[in-house]
Number of protein chains: 2
Amino acid sequence: MSKVNLKTLAAELGVSVSTVSKALQNSYEISEETKQRVVTLAKQRNFRPNVYASSLRRQQTRTIAVIVPEIANNFFAFAINGIEEIAQENDYHVLIYLTHDSYEKEVSICEHLQSGRIDGVLMSVSTETNDYEHIAKLMDKGILLVFFDRVRHEIETAKVTTDDFVSGLNATEHLIEQGAKRIAYLSLSSKLSIDNKRKAGYMEALLKHNIEFDPNLVVACGNQQHEAYQRIKELLTSPNRTDAVFASVEKLATETYMVCQELGLKIPNDLKVICFSNTTIASLLNPSLSTVVQPAFEIGKQAANILFQHLERKNISILNENIILKSVLVARESTGC
Amino acid sequence: MSKVNLKTLAAELGVSVSTVSKALQNSYEISEETKQRVVTLAKQRNFRPNVYASSLRRQQTRTIAVIVPEIANNFFAFAINGIEEIAQENDYHVLIYLTHDSYEKEVSICEHLQSGRIDGVLMSVSTETNDYEHIAKLMDKGILLVFFDRVRHEIETAKVTTDDFVSGLNATEHLIEQGAKRIAYLSLSSKLSIDNKRKAGYMEALLKHNIEFDPNLVVACGNQQHEAYQRIKELLTSPNRTDAVFASVEKLATETYMVCQELGLKIPNDLKVICFSNTTIASLLNPSLSTVVQPAFEIGKQAANILFQHLERKNISILNENIILKSVLVARESTGC
């Protein structure tokens, strides 16, 4: 017998997954008639016991898991601190799992968590993650999940992010206002939701200022330090050199600093640099680094708050919702300020 | 009935805990007669079942826990990466628990882990931790534990650290060779094993170079950023100002940079700075920062290797052993190099 989940119920009834989920939570948004149809089919298909199973489990473990790509990254370190603050208030334990940006590791962790050692999950997907079957399976076990930062839009649940598009646009416009004409975008992975949004903001800014988009200036740097260094070095030694760099993540900006040291390029005179970053020592760099600062701690807190609210109410799913917290641009010497 | 553990057995037999532990592991170091006495009493006191219980649990969970004070710290981030590499090879999952340097949190995590969700623990204690009852209790449940970096010497098990004393001595001598005469030591907590060793190295270097030790130059900065900033500011504005700072951890060095920015003091001319640090961007700071670099990744790997070797052999305890890996001093502009 094939597995029953929100998706199969929705397909059989010809309604959306969200409708099934809301109906099972007795939401006021769903008509009594639809609720009746959903609950009846759920009972027939033996879906109901999950509710009890998951709430039973919840009372037992008082533990949530946080799945993140890495921790040698100030954004995740601060976000986890935000999560821990809320978990402490709710008297929950937090287990942190690292995927090291590996899809395989992420799948293995999700399988491991199906054994029921936790009540809920807060997750930021790896750069390699290209599908979401492993995440859907976890949720089918009655485990509540909230995404933060790196999300999968195909999964219906709450997602807490920053305004990546607008921040990408602002960062690029800032470089243009400071006189940059050939701006490169340093990307971590085109599979990442946040990376694509930041890049879309970059392209929008170029369009707005009538600067032609040059695909050669979008550099896929990848996750390996050595490889990123090489890609950036190629960019900065190619003819008709770029005069500014917008790095999607902090480590690509510090790699750019290293390459400039090697090549004898002066920041900001030869090259302007800005990046997304949560480091506390941006002002101590030589030159001080212009950054887009995400509200990392708040993002962690918000994601955790949503999760605990639903755990408390013993809901079996979380409605699809995008919560977007604003980032702040801090201009410093690396962009000529 | 009071609980039976290695300690109570040792007391009753009038031998050391280590002897009991080795005897139960059938070590060649223990005479047949002593082994017989230990095993007989262990059986009488019903201690033996623990062995089966723990090896049974080990086969079930294939999971270890890593307990660390914080992750917004490059040392722990790299050490965890080293641990994860070994865990992956052994096909184990790694759960990371953060104490946020709180003794209370550390005790709560240790209690949580007694429930048997893990086979072994790798631990670095919090700055607040002043006793070890909670750690002993965990080990009494048959859970194997290895310390790394911040250890409790009272607990008999393997401890993997760096050569804190020698590195502290070298860092201080380096400042003296660069012309410093009034060197301050910035401490995180006098409860910490590593902090005390680094300070002892500092004092040894002063003695060696006939520089009188001034207790006013040892500054307890604590774990709160704001407090640390204040303490360092007081130090740098007091009469007969210090001309060099040896910071026991990186964040106290970057706070020193911030204070110097506010006070208009120039590093290294007005003040030389060196610290223990694993940041990858020390060379990008203004001025570049002289550091004592710990082999963080290797420390994590070694600690994990010891743990897995014992899990594999289904040992019930790990012999007392200090494994010391060397740190490297990297001199840069902040000490006038």
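**Considerations on the overall build of chain A**
A tally of regular secondary structure across chain A gives twelve helices and twelve strands. Rg of the C-alpha trace for chain A: 22 Å, near the compact-globule value of 20 Å for 337 residues, within the 12% margin. For the C-alpha atoms alone, the extent of chain A along its principal axes is close to 70 × 40 × 35 Å. Relative to its full complement of 337 residues, chain A shows a buried share of 50%. Residue pairs at least 24 apart in sequence account for 74% of intrachain contacts in chain A once pairs closer than 6 positions are excluded.

**Overview of the interface of chain B and chain A**
Every contact between the two is made by 20 residues of chain B and, on the other side, 20 residues of chain A. Counting only elements with at least two residues in the side of chain B that touches chain A, the list comes to helix H5 (74-89), strand S2 (93-98) and helix H11 (250-263) of chain B. At five residues, H5 of chain B tops the list of elements feeding residues into the side of chain B that touches chain A. The class makeup of the residues in the side of chain B that touches chain A is twelve nonpolar, six polar and two charged.

**Some thoughts on the sheet that holds strand S10 (residues 290-293) of chain A**
By definition, the strands of a sheet pair up through backbone hydrogen bonds, in either a parallel or an antiparallel sense. Residue and element names in this part refer to chain A. If you trace the six strands from one edge of the open sheet to the other, you get S7-S6-S8-S9-S10-S12, paired in mixed fashion. Edge positions in the open sheet fall to strand S7 (218-220) and strand S12 (328-330), since each of these has one partner strand only. Averaged over all pairs of adjacent strands, the angle between their axes in this sheet comes to 20°, without regard to strand direction. Of the strand pairs in this sheet, strand S6 (residues 183-187) and S7 are connected by three bridges, and their pairing is parallel. Residue Ser187 lies in a different strand from S7, and its bridge partner there is Ala220. Set on the sheet, helix H11 (residues 250-263) makes contact with S6, strand S8 (244-247) and strand S9 (272-276); between it and S9 the angle comes to about 155°.

**Observations regarding the sheet that holds strand S12 (residues 328-330) of chain B**
Residue and element names in this part refer to chain B. Across the sheet, which stays open at both edges, the six strands sit in the order S7-S6-S8-S9-S10-S12 with mixed pairing between neighbours. Either end of the sheet is taken by a strand with one partner, and the two such strands are strand S7 (218-220) and S12. Averaged over all pairs of adjacent strands, the angle between their axes in this sheet comes to 20°, without regard to strand direction. Note: strand S9 (residues 272-276) against strand S10 (residues 290-293), three bridges, orientation parallel. Bridged to Ile274 within S10 is Ser290.

**A word on the pairing of S10 of chain B**
Note: S10 of chain B against S12 of chain B, three bridges, orientation antiparallel. In the sheet register, Val293 of chain B faces S12 of chain B, and the bridge partner there is Val328 of chain B.

**Quick look at the domain arrangement of chain A**
The accessible area lost on association of the parts is a frequent measure of interface size. Looking at the assigned domains, one finds that chain A contains domain 1 (1-47) and domain 2 (164-294 + 329-335). When each unit is reduced to the centre of its C-alpha atoms, the spacing between domain 1 of chain A and domain 2 of chain A is 47 Å.

**Thoughts on the pairing of strand S8 (residues 244-247) of chain B**
Residue and element names in this part refer to chain B. Judged by which residues are buried, S8 turns out to be covered on both faces: Ala244 and Phe246 on one side and Val245 and Ala247 on the other are all buried. Pairing geometry for strand S6 (residues 183-187) and S8, over four bridges, is parallel. When the sheet's bridge partners are listed, Leu186 is paired in S8 with Ala247. Pairing between S8 and S9: four bridges, direction parallel.

**Topic: the relation of the copies chain B and chain A**
Mapping chain B onto chain A leaves a residual RMSD of 0.1 Å; the transformation is a rotation of 180° accompanied by 0.0 Å of translation along its axis. Taken together, these values place the two copies in the relation of a two-fold axis. Mapped onto chain A, 100% of the interface residues of chain B are again interface residues, and the two copies thus contact each other with one and the same surface.

**So, helix H9 (residues 193-208) of chain B**
Residue and element names in this part refer to chain B. Helix length check: H9 (16 residues) gives 23 Å between terminal C-alpha atoms against 22 Å at 1.5 Å per residue, within 8%. Along H9, the residues that are buried comprise Ile194, Asp195, Lys197, Arg198, Lys199, Gly201, Tyr202 and Ala205. Along its buried surface, H9 packs onto strand S5 (158-162), helix H8 (164-177), S6, S7 and S8.

The rules we used
- Residues numbered from 1 in each chain as written.
- Chains lettered and ligands numbered in written order.
- Predicted model: local features only at pLDDT ≥ 70, side-chain atom pairs only at ≥ 80, totals over all residues.
- Helix = DSSP H or I, 4+ residues; strand = E, 2+ residues; numbered from the N terminus.
- Rg over C-alpha atoms; globule rule 2.2 N^0.38 Å.
- Buried ≥ 20, exposed ≤ 12 C-beta atoms within 10 Å, placed from the backbone.
- Contact = placed C-beta atoms within 7 Å.
- Nonpolar A, V, L, I, M, F, W, Y, C, P; charged D, E, K, R; others polar.
- Pairing = 2+ DSSP bridges.
- Axes fitted to C-alpha atoms, helices over the stretch in contact; angles between N-to-C directions.
- Domains from an automatic or database assignment.
- Least-squares fit on C-alpha atoms with pLDDT ≥ 70 in both.
- Expected span 1.5 Å × (residues − 1).

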